[in-house]
Amino acid sequence: MRYSTQTEHGKPIRLHDADDFIAMRIAGKIAAETLDFITPYVKAGVSTAELDRLCEEFMRAAGSIPATIDYHGYRHASCISVNHVVTHGIPSASKILKTGDILNIDVTPKINGWHGDTSRTYKVGAVSILANRLVDTTYAAMMAGIKEVRPGATLGDVGAAIEAVARAERFSSVRDFCGHGVGQVFHDTPLVLHYGKRGTGTVLEPGMFFTIEPMLNAGSFEVKVLGDGWTTVTKDHSLSAQFEHTLAVTETGFEIFTLSALGE
Ligand code: MF3
Ligand code: CO
Ligand code: CO
């Protein structure tokens, strides 16, 4: 590992080497497999606490530790954010899924000191046309951001691509939470905004590791954090969706560490 000559608000940005890529492939694979594993359990009638318990069991059986446990006082193996919950939803035995819900499950297994951070938004049975469009657009927005990633591109290019996909469907991209550098540190530099202006911001260099994790709202981008200090909801109560991958900048483009063998 070495450092970029670029800094962000005075903080260094790490550039990782071949061994670091190998370590991240292992962490990313467990993260993707956790989301694959949980998929058949996401059904009407199940509680979000039960989904969290299953995710924790899977991550530990794979030899990893859920990095969210005891992270700034958070106590769970996953964040599960249902409908108008934007992010950091706390798993609960009293939150029972019902047909038509959409929910994001976000997991970060840590193995050999390296973090794989990924999330998907799941649909419970048949969902509304709006919910369907929101979820599919959010996935497309994440992928549009990822496809900008190559040496010499900027984080502004990534943000602008995400925002353009959101706007084309008249959805908004949340501004109060962003993607982040990731590796041996869970939340590191750089800050990856899901909006922005082309040609601005940090210039991407091979060996940078970060997440892209857009949250799109059906209404306004404004959010508020509830009294528990975690649960973040849309201010206007509109639906929200999110997807997240952990990736690297390579010599020629990008490598997604959290890509599922099933293709998601
Ligand atoms: N996994 C989340 C992210 O994408 C962070 C969750 S931190 C927690 O960055 F403490 F809320 F779990
Ligand atoms: Co993240
Ligand atoms: Co995450």
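Nothing here was measured: the structure is a model prediction, and the numbers come from that model. (Residues numbered from 1 in each chain as written. Chains lettered and ligands numbered in written order. Predicted model: local features only at pLDDT ≥ 70, side-chain atom pairs only at ≥ 80, totals over all residues. Heavy atoms only, no water.)

Student: I'd like a description of helix α2 (residues 48-61), backed by residues and values.
Tutor: With 14 residues, α2 ought to run about 20 Å at 1.5 Å a step, and its terminal C-alpha atoms sit 20 Å apart, in line with that. Taken together, the buried positions of α2 are Thr 48, Leu 51, Asp 52, Leu 54, Cys 55 and Met 59. Within α2, the buried residues cover an arc of 165° as seen down the axis, which keeps them to one side. Residues of α2 that are buried sit in contact with α1 (18-38), β3 (65-66), β4 (78-82), β6 (102-107) and β7 (109-111). In the stretch just after α2, Gly 63 is the one whose phi turns positive, near 90°. (Helix = DSSP H or I, 4+ residues; strand = E, 2+ residues; numbered from the N terminus. Expected span 1.5 Å × (residues − 1). Buried < 20%, exposed > 50% of the residue type's maximum accessible area, 1.4 Å probe, protein only. Arc of directions from axis to C-beta. Contact = heavy atoms within 4.5 Å.)

Student: Before we move on, could you go through the coordination of the cobalt ion (ligand 3) and cite the residues and values that matter?
Tutor: All of the protein donors around the cobalt ion (ligand 3) are Asp 106 (OD), Asp 106 (OD), Asp 117 (OD) and Glu 244 (OE); their distances to the metal are 2.1 to 2.3 Å. Geometry at the cobalt ion (ligand 3) is irregular, judged from its six donor atoms and the angles of 59 to 166° they form at the metal. Taken in sequence order, the residues that donate to the cobalt ion (ligand 3) follow the motif D-x10-D-x126-E. Between the cobalt ion (ligand 3) and the cobalt ion (ligand 2), the interatomic distance is 3.3 Å, and Asp 117 donates to each metal, bridging them. Taken together, the residues span a long stretch of sequence, with Asp 117 in the loop between β8 (114-115) and β9 (118-123) and Glu 244 in the loop between β17 (240-242) and β18 (245-249) at a distance of 127 residues. Taking relative accessible area as the criterion, Glu 244 reaches 0% and is therefore assigned buried. (Donors = N, O, S within 2.8 Å, 3.2 Å for Na, K, Ca; no water. Tetrahedral: all angles 85-135°; square planar, octahedral: opposite > 155°, others 65-115°.)

Student: Quick one: what's the story with the coordination of the cobalt ion (ligand 2), residue by residue and with numbers?
Tutor: Geometry sets the ideal angles at a metal, namely 109.5 degrees for four tetrahedral donors and 90 or 180 degrees for six octahedral donors. Here the cobalt ion (ligand 2) is held by the protein donor atoms Asp 117 (OD), His 180 (NE2), Glu 213 (OE) and Glu 244 (OE), which lie 2.0 to 2.2 Å from it. Of note is the cobalt ion (ligand 2), whose six donor atoms meet at the metal with angles of 52 to 160° in an arrangement that counts as irregular. Of note, the donors binding the cobalt ion (ligand 2) are all from one chain and are spaced D-x62-H-x32-E-x30-E.

Student: Please provide a residue-by-residue account of the environment of Asp 117, values included.
Tutor: Since its relative accessible area comes to 3%, Asp 117 is described here as buried. For the pair Asp 117 and Trp 230, spaced 113 residues apart in sequence, the C-alpha to C-alpha distance is 18 Å. Those residues in contact with Asp 117 that lie beyond four places of it in its chain are Asp 106, Val 107, Thr 108, His 180, Phe 186, Thr 211, Glu 213, Glu 244, His 245, Thr 246 and Thr 258. There is a polar contact of 2.9 Å between the side chain of Asp 117 and the side chain of Thr 108. (Polar contact = N/O pair within 3.5 Å; in protein donor to acceptor, adjacent residues only side chain to side chain.)

Student: Can you explain the packing of aromatic side chains? Please cite residues and give values.
Tutor: Here the structure, examined in full by the defined rule, presents nine aromatic pairs. Centroid distance Phe 37 to Tyr 41: 5.3 Å. Interplanar angle 50°. Geometry classified as tilted. Since its relative accessible area comes to 23%, Phe 37 is described here as partly exposed. A relative accessible area of 37% means that Tyr 41 is categorised as partly exposed. A ring pair is formed by Tyr 139 and Phe 243, whose centres lie 5.2 Å apart and whose planes are at 75°; its orientation type is edge-to-face. With Tyr 139 in helix α3 (residues 129-147) and Phe 243 in the loop between β17 and β18, this pair connects stretches of sequence that are 104 residues apart. In textbook terms, an aromatic cluster arises when at least three aromatic residues are bridged by ring pairs, as seen for Phe 21, Trp 114, Phe 209 and Phe 257. Over the ring of Tyr 195 we find Arg 175; its NZ or CZ atom is 4.0 Å from the centre of that ring. Just above the ring of Phe 221 sits the side chain of Arg 175; from NZ or CZ to the centre is 5.1 Å. (Phe/Tyr/Trp six-rings, centres within 6.5 Å; stacked < 30°, edge-to-face > 60°. Lys NZ or Arg CZ within 6 Å of the ring centre and 35° of its normal.)

Student: Please give an account of α3 that cites residues and values.
Tutor: In an α-helix, one turn spans 3.6 residues, which is why side chains three or four residues apart end up on the same side. Over its 19 residues, α3 extends 27 Å from the first C-alpha to the last, a length consistent with the 27 Å expected when each residue adds 1.5 Å. Listing the buried residues of α3 in full gives Ala 131, Leu 134, Val 135, Thr 137, Thr 138, Ala 141, Met 142, Met 143, Gly 145 and Ile 146.

Student: Give me the lowdown on the side chain of Asn 83, citing residues and values where you can.
Tutor: Assignment of secondary structure puts Asn 83 in the loop between β4 and β5 (85-87). Here Asp 101 takes part through its side chain, which lies 2.9 Å from a polar atom of the side chain of Asn 83. Non-local contacts of Asn 83, meaning those with residues more than four positions away in its chain, are made with Lys 98, Gly 100, Asp 101, Ile 102, Leu 239 and Ser 240.

Interpretation note: all reported values are geometric properties and have no functional meaning in isolation.
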